[in-house]
Amino acid sequence: MSVAPDAGSSKVTVPDILSRKPDSLSSSSEPNGAKQKITCITAYDYPTARLVDEAGVDILLVGDSLGMVVLGYDSTLPVTLDEMLHHVRAVRRGTQRALLVADMPYGSFHVSLDESVRNAVRLVKEGGAEAVKVEGGERRIELIARLVEAEIPVMGHVGLTPQSINAFGGFHVRGKTRDAARQVERDARAVEAAGAFAVVLESVPREVAAHVTQQLRIPTIGIGAGPDCDGQVLVFHDLVGLTEGRTPKFVRRYAHLSADISRAVSEYCSDVRSGKFPSDAESYHSATELREKIPATSSSQR
Ligand code: KIV
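Reading the values: the criteria
The numbering scheme is per chain: residues are counted from 1 as the chain's sequence reads. Since the coordinates come from a predicted model, pLDDT governs what is reported: local features require at least 70, and pairs of side-chain atoms require 80 or more to be given and counted, while whole-chain, interface and lining totals use all residues. The basis for every side-chain value is the complete set of heavy atoms in the structure, and neither hydrogens nor water enter the calculation. Segments assigned H or I by DSSP are reported as helices when at least four residues long, segments assigned E as strands when at least two residues long, and all are numbered from the N terminus. Only the six-membered ring of Trp is used, alongside the rings of Phe and Tyr, when aromatic pairs are assigned; centres must lie within 6.5 Å, and planes under 30 degrees apart are stacked while those over 60 apart are edge-to-face, with the rest tilted. Here the term buried applies to any residue with accessible area under 20% of the maximum for its type, exposed to any over 50%, and partly exposed to those in between, with areas from a 1.4 Å probe on protein chains only. Only lysine NZ and arginine CZ atoms are considered, and such an atom sits over a ring when it is within 6 Å of the ring centre and within 35 degrees of the ring normal.

Asker: Any details on unusual backbone geometry? Residues and values, ideally.
Answerer: The omega torsion of the bond from Phe277 to Pro278 falls at 0°, within 30 degrees of zero and hence cis. Tracing the chain through its elements places Pro278 in the loop between helix H11 (257-274) and helix H12 (288-291). With a phi close to 65°, Glu151 is a non-glycine residue in the positive phi region. Within the secondary structure, Glu151 sits in the loop between helix H6 (141-149) and strand E5 (154-159). A positive phi angle, close to 50°, is found at Ser203, a residue other than glycine. By the secondary structure assignment, Ser203 is in the loop between strand E6 (198-202) and helix H9 (206-215).

What follows is the structure, encoded as structure tokens:
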């Protein structure tokens, strides 16, 4: 399989991501112009961004899942542009190689085109994002075209769009009927025609995602959309086992950090309570000549 670009090598750019779309006319030596699949993971803070970036992921997404995963909201709707900016800046500081994409939160692109462009510009200028992600398909044609005209690369997002939870009535798989599948395809084609460089397909049947992937010239990035997309995205906290409760069936946990963290914190509390932490080796010491001049602390002085 061709590898372009290598994980761990040069900076990932929007044209790199576009070039990862398999193309039967490609110069690749692989059959059907196969390309290496695109990897995308969410991050919301500096240490996570560093770890994920250094591990060689292609795209770091500061998703508005921030609201549910990190800020404790029960949907993504309350997330504000200022909250996004705060986290995008932190992720920017931890990211060297990956392409940094920031979600436009609910309300930041629903009032007017001018205001939407202004908000996207803030994510780029103040946050350091290299592209923005916008939920919605056919309804976003004008907006995506305006953002692209303003030199802001756009990642589309169709299928299950969590910002539409009130309209959809819940987080259900989209595209299960023939009409619904056609709508997913129309939405994906619309964002491509408007100028998006990639599109997230969320929670759609594998067969629908495979068909849409075949139809588009831009890469599809799946989440709950099966293995036939051109890339995959997962929420970092799901992937490392930091989310509580049931996760959707498409989540694969590659670590179980919740259990590790709980164990570490209980052990720390128990060691402090029993006097095992800190040890003498974990303490600073006075210079030898000063030691007898400093009275030992009696328990009544503590
Ligand atoms: O907000 C988010 O994290 C997302 C991804 C799950 C695609 O939109």
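Once you've had a look at it, read on.
Asker: Explain the packing of aromatic side chains to me, using residue names and the numbers behind them.
Answerer: Going through the model one piece at a time under the given rule, you end up with one aromatic pair. Aromatic pair Tyr268 and Phe277: ring centres 5.8 Å apart, planes at 65°, arrangement edge-to-face. Look at Tyr268 and you get partly exposed, because its relative accessible area is 47%. The partly exposed category is assigned to Phe277, whose relative accessible area is 35%. When the ring centre of Phe168 is taken as origin, the NZ or CZ atom of Arg174, which lies over that ring, is 3.5 Å away.

This is a description of form; function is not addressed.
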